[in-house]
Every structure is written in C-alpha cells, then in structure tokens.
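# Summary of structural features
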Amino acid sequence: MKTLKLLALSLLMLCFTPAFAVDTPEDAIAIVNKGLAYVDAHGKDALIKEVNNKNPAFIKGNVYLALRSMDGTTIAHPVNPRAVGKNMVVFADADGKFYRKEIIDIAKTKGKGWVEYRYNNPETKELEKKATYFVRSGDMILEAGIYKGK
C-alpha cells in the first residue's frame, strides 16, 4: 500500500510543472528555429509583426524570440516593447560585458552561436547568468535567451 501511495504521488507530481521550471538550451534553439522557419515561409516583415504581437508560437515559458538588426537596433520584442527601435549595443551587462556587440560580431562572422552574460531575471528579481542563442538571417538576428541561475 505504501508503494502504491508513493507511486501515485510521483505520478501526480509529474502532472504539474512548477512555476520555477528551468528553461533549457533546447528551448532557446527551438524558438529560434521556429522563427527561421516562419521567416522562410512568410518573410521578415511578417515575423517582426508576429513577434511584436506576442504570438504564443514564439514564446515558451520565459524563453521568447527577439529580433535585432545587424546594427544592434531591436526590431521586435514580445516582452519589452519599449526596446523596439532602440540600439542598446553601448550598454553593458552587470559585469561590463558588451554582450549585444558580441552577439552581432559572432552573427557577422559565424552566423550563429551562444553568448553568456549576467542580467536581471524579471521572475526572481535577481542578477543571474543568462545565455542567448542566436542565428543571423539576412540583415537581422533572431535571439532567444535562457536564465541559468546565479
């Protein structure tokens, strides 16, 4: 009977995803790949519109697709619409790292990659490690980041 209760409790716990579930690198890659497929099928302008309209196809938990031009200007952002139209390349993270510039440089030379930095997590309200996966598509960069804790 005790084993049966433990099994039932374990199954019940699997049914509920905690609010603090950890996003994975695969989540970021999947969101960016979804954006790339959308751009191929519908074009750049359509993707910009969908991301800015907070299309749930491009948001999974705390992972979302954002778009940046090759000069660093944010062209679509589902979580922070005030960032759209702004170039924040000159702003560093908490440790002085110009991670946005690094994203652009790698996108120009390699086409895709990961960049790690520290950023304030809006959910925990704490400074945490963050990693952003990105891929260049024409004259824009598709990005999705994950928080990695302290």
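Residues numbered from 1 in each chain as written. Predicted model: local features only at pLDDT ≥ 70, side-chain atom pairs only at ≥ 80, totals over all residues. Heavy atoms only, no water.

### Here's the deal with the overall build of the protein
Counting its secondary structure elements, the protein contains four helices and seven strands. Its helices and strands in sequence order give the protein the pattern α-α-α-β-β-β-β-α-β-β-β, from N to C terminus. Evaluated residue by residue, the protein yields a buried proportion of 37% over its 150 residues. (Helix = DSSP H or I, 4+ residues; strand = E, 2+ residues; numbered from the N terminus. Buried < 20%, exposed > 50% of the residue type's maximum accessible area, 1.4 Å probe, protein only.)

### Some remarks on the nonpolar core
The tendency in soluble globular proteins is for nonpolar side chains to be buried side by side. Core analysis: the biggest nonpolar cluster contains 21 residues, and Val32, Leu47, Val51, Leu65, Leu67, Met140 and Leu142 have the highest contact counts within it. At five residues, the largest contribution of residues to this core is made by helix α2 (residues 25-42). Val89, Ala107, Tyr117 and Phe134 belong to the second-largest nonpolar core, a separate cluster that totals 11 residues. (Core = buried A, V, L, I, M, F, W, Y, C linked by side-chain atoms within 4.5 Å.)

### Some thoughts on the pairing of strand β7 (residues 140-149)
Most of β7 is tucked away, with eight of its 10 residues classed as buried. One ladder, built from four bridges, connects strand β3 (residues 66-69) with β7; its direction is antiparallel. Bridge assignment links Arg68 to a residue of β7, and that residue is Ile141. (Pairing = 2+ DSSP bridges.)

### Considering the packing of aromatic side chains
Within the structure shown, the criterion is met by five aromatic pairs. Both rings, one in Tyr117 and one in Tyr119, keep their centres 6.1 Å apart while their planes meet at 90°; by these two values the pair is edge-to-face. Of the residues examined, Tyr117 reaches a relative accessible area of 7% and is grouped as buried. Tyr119 gets classed as partly exposed once you look at its relative accessible area, which sits at 31%. (Phe/Tyr/Trp six-rings, centres within 6.5 Å; stacked < 30°, edge-to-face > 60°.)

### Focus on the pattern of salt bridges
Applying the stated criterion across every chain yields a total of eight salt bridges. As a salt-bridge pair, Asp27 and Lys60 come within 2.8 Å of each other at their nearest N and O atoms. Of this pair, Asp27 sits in helix α2 while Lys60 is found in strand β1 (residues 59-60), placing the two residues 33 residues apart along the sequence. Overall, the relative accessible area of 44% leaves Lys60 in the partly exposed class. We note a salt bridge from Arg118 to Asp95, for which the minimum N-O separation is 2.7 Å. Highlighted residues: Arg118 in strand β5 (residues 112-121) and Asp95 in the loop between β4 (74-76) and α4 (99-109), separated in sequence by 23 residues. (Salt bridge = Lys/Arg side-chain N within 4 Å of Asp/Glu carboxyl O.)

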